[in-house]
Amino acid sequence: MRRPHVTILGGGSWGTAVASIAARNAPTTIWARDEATVEDINTRHINSRYLGDLPINPALRATTDLAQAVAQADVLVLGVPSQACRAVLGEAADHLRPWVPVVSLVKGLEQGSQLRMTEVVSEVLPGHPVGVLNGPNIAREIVQGYAAAATLAMPDQQLAESLQGILRSTMFRVYTSTDVVGVEVAGALKNIFAIATGFGDGLEAGDNTRAMVITRSLRELTRLGVAMGGHEQTFSGLAGMGDLIATCTSPHSRNRRVGIMLAQGKNLDEIAAELKQVAEGVKSSSVVVELAREHGVEMRIAREVDAVINHGQAVVKAYRGLLREAPEHEFHGESW
Ligand SMILES: NC(=O)C1=CN([C@@H]2O[C@H](COP(=O)(O)OP(=O)(O)OC[C@H]3O[C@@H](n4cnc5c(N)ncnc54)[C@H](OP(=O)(O)O)[C@@H]3O)[C@@H](O)[C@H]2O)C=CC1
Ligand SMILES: O=C(CO)COP(=O)(O)O
């Protein structure tokens with residue numbers, strides 16, 4: 001039987017990491033808009049711009065030709081930053097065969113529409129089965145071959161099981177779920193809380209503070225996620241608690257680093273120039289606050305992150321704001 005062809009859109013750190021795994025299991029093509037990245041992957045089997053000199057699977061093919069990459073896809077994987085997804089999918093739409101499933105790797109919410117990326121996929125590519133792969137997955141550690149796991153959520157469990165075999169390796173375990181909303185909301189929200197943790201780390205607040213922020217963040221994330229239709233247990237799983245721990249503690253997390261640099265007094269332009277990679281929480285923070293308001297969910301930590309990023313609030317003031325709140329019942333009160 002012919003093996004399905006996997007096409008990944010986006011030649012950044014995570015698109016390349018997932019493509020490198022898929023290329024073990026199936027013929028795989030990665031589309032990147034940057035010629036130097038494509039040349040790097042095809043000839044030197046590295047992605048030096050995003051992953052340094054870490055070796056990636058030599059079986060992986062790269063191209064700048066979006067139409068050709070999409071036309072051969074039996075499975076399409078979306079790996080560009082959230083604010084670019086609609087435009088890239090729009091370009092792909094005319095070339096994609098009708099039944100092809102789409103898997104989003106993206107951990108962000110669209111500004112303006114407030115949509116999750118699987119919802120954007122369904123708007124731009126109506127009728128395609130769509131799912132999301134999220135979890136504690138720092139790209140460079142996975143390329144280095146350290147053990148990790150993620151959750152692939154799709155409404156159709158059978159389809160999820162067939163894609164599970166394509167996206168996993170012996171060191172990268174892929175679990176399945178039917179809770180697309182929960183897995184996707186968890187992946188987007190943890191970035192805002194990683195920025196909050198970075199505030200504390202940048203202010204050298206200590207380990208207890210970090211644990212407090214992570215634990216209270218999980219409550220906020222769960223409350224909004226459940227209000228949006230996610231299942232409560234999802235938020236204690238890989239895409240929720242798991243990714244929150246990884247992103248809020250890893251020195252590699254771009255979102256946490258944004259929080260640290262803001263606490264050190266750098267502005268967002270300076271931070272973007274230093275990072276040179278996407279930190280989804282910066283753009284998603286305003287969307288999360290809008291969603292919290294619409295769903296009637298109190299999210300003090302997210303509001304403070306939004307205040308710093310979008311309204312010029314000083315990090316130290318955001319911290320004091322959080323600590324001024326009177327603590328109520330740990331699990332039922334709405335206070336931080
Ligand atoms: N890195 C990680 O550890 C993980 C990331 N994710 C998520 O994966 C998604 C992608 O992130 P990641 O790979 O890390 O991002 P990177 O910043 O590493 O790379 C972004 C990629 O997207 C491309 N891109 C950016 N804008 C556009 C556009 N308008 N049109 C076409 N291509 C574009 C970039 O191209 P160019 O180089 O030409 O700018 C680059 O190839 C994010 O939602 C992120 O949260 C999820 C799990 C782990
Ligand atoms: O999603 C990630 C780890 O699971 C990557 O986090 P950052 O985008 O903060 O680097």
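In case you missed it, the structure is sitting above this.
The structure presented is a predicted model; accordingly, all values stated were derived computationally and were not measured. (Residues numbered from 1 in each chain as written. Chains lettered and ligands numbered in written order. Predicted model: local features only at pLDDT ≥ 70, side-chain atom pairs only at ≥ 80, totals over all residues.)

### Thoughts on the packing of helix 15 (residues 300-311) against helix 16 (residues 315-324)
And then number 1: Where helix 15 contacts helix 16, the axes come no closer than 9 Å and their chain directions differ by 160 degrees. In terms of orientation, helix 15 lies roughly antiparallel with respect to helix 16. When the axes of helix 15 and helix 16 are compared, the crossing they make is right-handed. On the side of helix 15, the interface is formed by R300, I301, E304, A307 and V308, while helix 16 contributes V315, A318, G321 and L322. (Axes fitted to C-alpha atoms, helices over the stretch in contact; angles between N-to-C directions. Helix = DSSP H or I, 4+ residues; strand = E, 2+ residues; numbered from the N terminus. Parallel < 35°, antiparallel > 145°, perpendicular 65-115°, else oblique. Left-handed = near helix turned anticlockwise from the far one by under 90°. Contact = placed C-beta atoms within 7 Å.)

### Re the sheet that holds strand 1 (residues 6-9)
And then number 1: Across the sheet, eight strands lie side by side as 3-2-1-4-5-6-7-8; this open sheet has mixed pairing. One side of each edge strand has no neighbouring strand; the edge strands of this open sheet are strand 3 (61-63) and strand 8 (172-177). Going from strand to strand, the sheet's axes swing by 25 degrees on average, the running direction of each strand aside. (Pairing = 2+ DSSP bridges.)

### Here's the deal with the nonpolar core
Within soluble globular proteins, side chains that are nonpolar generally end up buried alongside one another.
And then number 1: Core analysis: the largest hydrophobic core is formed by 106 residues, its most contacted members being V18, V77, L78, L152, L167, L189 and F193.
And then number 2: The biggest single contributor to this core is helix 9 (residues 180-202), with 12 residues.
And then number 3: Residue contributions to this core reach at least three from each of two domains, namely domain 1 (6-178) and domain 2 (182-324).
And then number 4: The residues touching L167, leaving out its near neighbours within four places in the chain, are V18, I21, A22, L133, L152 and V174. (Core = buried A, V, L, I, M, F, W, Y, C linked by C-beta atoms within 7 Å. Buried ≥ 20, exposed ≤ 12 C-beta atoms within 10 Å, placed from the backbone. Domains from an automatic or database assignment.)

### Some remarks on helix 8 (residues 157-167)
And then number 1: Of all the residues in helix 8, the buried ones are A160, L163, I166 and L167. The buried residues of helix 8 occupy one face: seen down the axis, they fall within an arc of 110 degrees. Opposite the buried face of helix 8, at more than 90 degrees from it, the exposed residues are Q157, Q158 and G165. (Arc of directions from axis to C-beta.)

### Topic: the site of ligand 1
And then number 1: Neighbouring residues of ligand 1: 27 residues in total, closest G12, W14, A84, A139 and Q277.
And then number 2: Within the residue set of the shell around ligand 1, elements represented by two or more residues are helix 1 (13-25) and helix 5 (82-92).
And then number 3: Each residue belonging to the shell around ligand 1 can be placed in one class, and the counts come to 12 nonpolar, 11 polar and four charged.
And then number 4: In terms of domain composition, the shell around ligand 1 takes at least three residues from each of domain 1 (6-178) and domain 2 (182-324). (Near = placed C-beta within 6 Å. Nonpolar A, V, L, I, M, F, W, Y, C, P; charged D, E, K, R; others polar.)

### Notes on the pairing of strand 2 (residues 28-31)
And then number 1: Alternating positions in strand 2 separate into two faces, T28 and I30 on one and T29 and W31 on the other, with burial throughout.
And then number 2: Here strand 1 runs beside strand 2; their pairing, made up of four bridges, is parallel. Paired with T7 across the strands is T29, a residue of strand 2.
And then number 3: Once the chain exits strand 1 it traverses helix 1 before rejoining the sheet at strand 2, and the crossover so formed is right-handed.
And then number 4: Sheet topology note: the strand 2/strand 3 ladder contains three bridges and is parallel. Bridged to T29 within strand 3 is R61. (Right-handed = clockwise from strand over helix to strand, strands pointing away.)

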